[in-house]
Amino acid sequence: MSFTLIGKHEKDARANRDGYVNAMLEMMEKDPTVVHVDCDLENCINTGKLEKAYPARTINAGIAEANAMGVSAGLVATGKKVFMHSFGPFASRRSFDQAFMSAAYAQLPVHIVGSDPGVCAAYNGGTHMPFEDCALYLSVPNAVVIDPVDYAQIYCLTKKLAASEKFSYMRMIRKTVTTVYADGSDFEIGKGVTLREGKDVTIISSGIMVDVALQAEEALKAEGISAKVIDMFTWKPLDEELVIASAKETGCVVTAENHQVGCGLGSVVANCLAKNLPVPVEMVGIQNRFGQVGAENFLREEYNLTVADVVAAAKKAISRK
């Protein structure tokens, strides 16, 4: 695992979805068993490129997510490597029983991609705003659950998932986000990435909250507070060794996620520490609320997903030592 941190808080000119699509194009060229199943969202995720290049291995199952999950499991049973995509709530809530029974229980490693997680659903509103998608898949035995941040990480992890032979769920922002990593960065499923070293508090983040955590570290540093920042893009299997070592080093932890804290990254980190090294833990994320319509910047403020929220949580965690 090797990576280059950019950390300039600048938007990427590319869309995140193209990290997925370009990885799929390369894999489909080299491996005739790789298949993409979509739910009538090719224009949204740009998988029309896959259909044009490999029409026999790009399947539009229509607006029928449960059926798409069954089709995906059936294809895996015949020896295919299948990635199935829909918007986050439909790739999780709507099709979960089929994902659980037809794929996971049957030990068929379907790779599920749920796009526009949490506040990233923006103007699609509360019905399309999954704050609980990862919670469902965290409950699946032996599943892999990941929350990547940018183009480079999605590109890498898409390939790693294909090689993993594990049932998985990856939530993915479709459009442009702040670049965190340089192209060519390499990541290992199940291993967190330490982005900044610190001694006063550990900030464990993922997805859109990674850049927020980096900005919070800079704000805390200006006040004389030293924060360690971790990108914990894999929620399951959690890198417990890194969580415990970091908590031992700093004495307190803040988690930051675009998801319900009671059943997401915050909960798995807290569960790990409760069993191994109890320290103060503060959780930044969705606090027992439903989604709503709005611009993403408004929603980040509304649901307390800002730099100021992470800074405040870090100070509170430190005060509890």
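Residues numbered from 1 in each chain as written. Predicted model: local features only at pLDDT ≥ 70, side-chain atom pairs only at ≥ 80, totals over all residues. Heavy atoms only, no water.

Caption draft 1: Main features of the pattern of salt bridges. Summed over the entire model, instances satisfying the criterion amount to 19 salt bridges. Close ionic contact of Glu197 with Lys228 constitutes a salt bridge, the shortest N to O distance being 3.7 Å. A residue pair is termed long-range when its members are at least 10 positions apart, and Glu197 in the loop between β7 (193-196) and β8 (201-205) and Lys228 in strand β9 (residues 227-231) qualify at 31 residues. Residue classification places Glu197 among the exposed positions, given a relative accessible area of 54%. Exposure remark for Lys228: the relative accessible area of 6% places this residue in the buried category. With a closest N to O distance of 2.7 Å, Glu296 and Arg300 form a salt bridge. Taken together, the residues span about one helical turn, with Glu296 and Arg300 both in helix α12 (residues 296-302) at a distance of four residues. With relative accessibility at 19%, the residue Arg300 sits in the buried group. Taken together, the shared-partner salt bridges connect Asp12, Arg14 and Asp183 into one network. (Salt bridge = Lys/Arg side-chain N within 4 Å of Asp/Glu carboxyl O. Helix = DSSP H or I, 4+ residues; strand = E, 2+ residues; numbered from the N terminus. Buried < 20%, exposed > 50% of the residue type's maximum accessible area, 1.4 Å probe, protein only.)

Caption draft 2: Quick look at helix α9 (residues 209-222). End to end, α9 covers 20 Å across 14 residues, agreeing with the expected 20 Å (1.5 Å per residue, within 8%). Of the residues making up α9, those classed as buried are Met209, Val210, Asp211, Val212, Ala213, Leu214, Ala216, Glu217 and Leu220. Note on α9: the residue one or two positions beyond its end, Gly224, has a positive phi of about 85 degrees. (Expected span 1.5 Å × (residues − 1).)

Caption draft 3: Broad picture of the pairing of β8. Within β8, five of the five residues are buried, which leaves the element mostly enclosed by the surrounding structure. Every second residue of β8 is oriented toward a common face, with Val201, Ile203 and Ser205 on one face and Thr202 and Ile204 on the other, all of them buried. Two elements, β8 and β9, share five bridges in a ladder whose sense is parallel. Of the residues in β9, the one forming a bridge with Ser205 is Asp231. Assessed by its sense of winding, the connection that carries the chain from β8 through α9 to β9 is right-handed. As paired strands, β8 and strand β11 (residues 253-260) are joined by four bridges and run parallel to one another. Across the sheet, residue Ile204 finds its bridge partner in β11, namely Thr255. (Pairing = 2+ DSSP bridges. Right-handed = clockwise from strand over helix to strand, strands pointing away.)

Caption draft 4: Helix α6 (residues 96-105), seen in detail. All buried positions along α6 are accounted for by Phe96, Ala99, Ala103 and Ala104. Seen end-on, α6 carries its buried residues on one side only, within an arc spanning 80 degrees. Across from the buried face of α6, at angles greater than 90 degrees, the exposed residues are Asp97 and Tyr105. The secondary structure elements touched by the buried residues of α6 are α4 (65-77), α5 (88-92), β4 (111-115) and α7 (133-138). Among the residues trailing α6, Gln107 stands out with phi positive, at a value near 60 degrees. (Arc of directions from axis to C-beta. Contact = heavy atoms within 4.5 Å.)

Caption draft 5: Focus on the state of the cysteines. One pass over the structure, following the stated rule, counts zero disulfides. This cysteine, Cys156, is not joined by any disulfide, and Cys134 carries the nearest cysteine sulfur, 18 Å off. By relative accessible area, which is 7% here, Cys156 ends up buried. (Disulfide = S-S within 2.5 Å.)

Function cannot be read off these values alone, since they describe shape.
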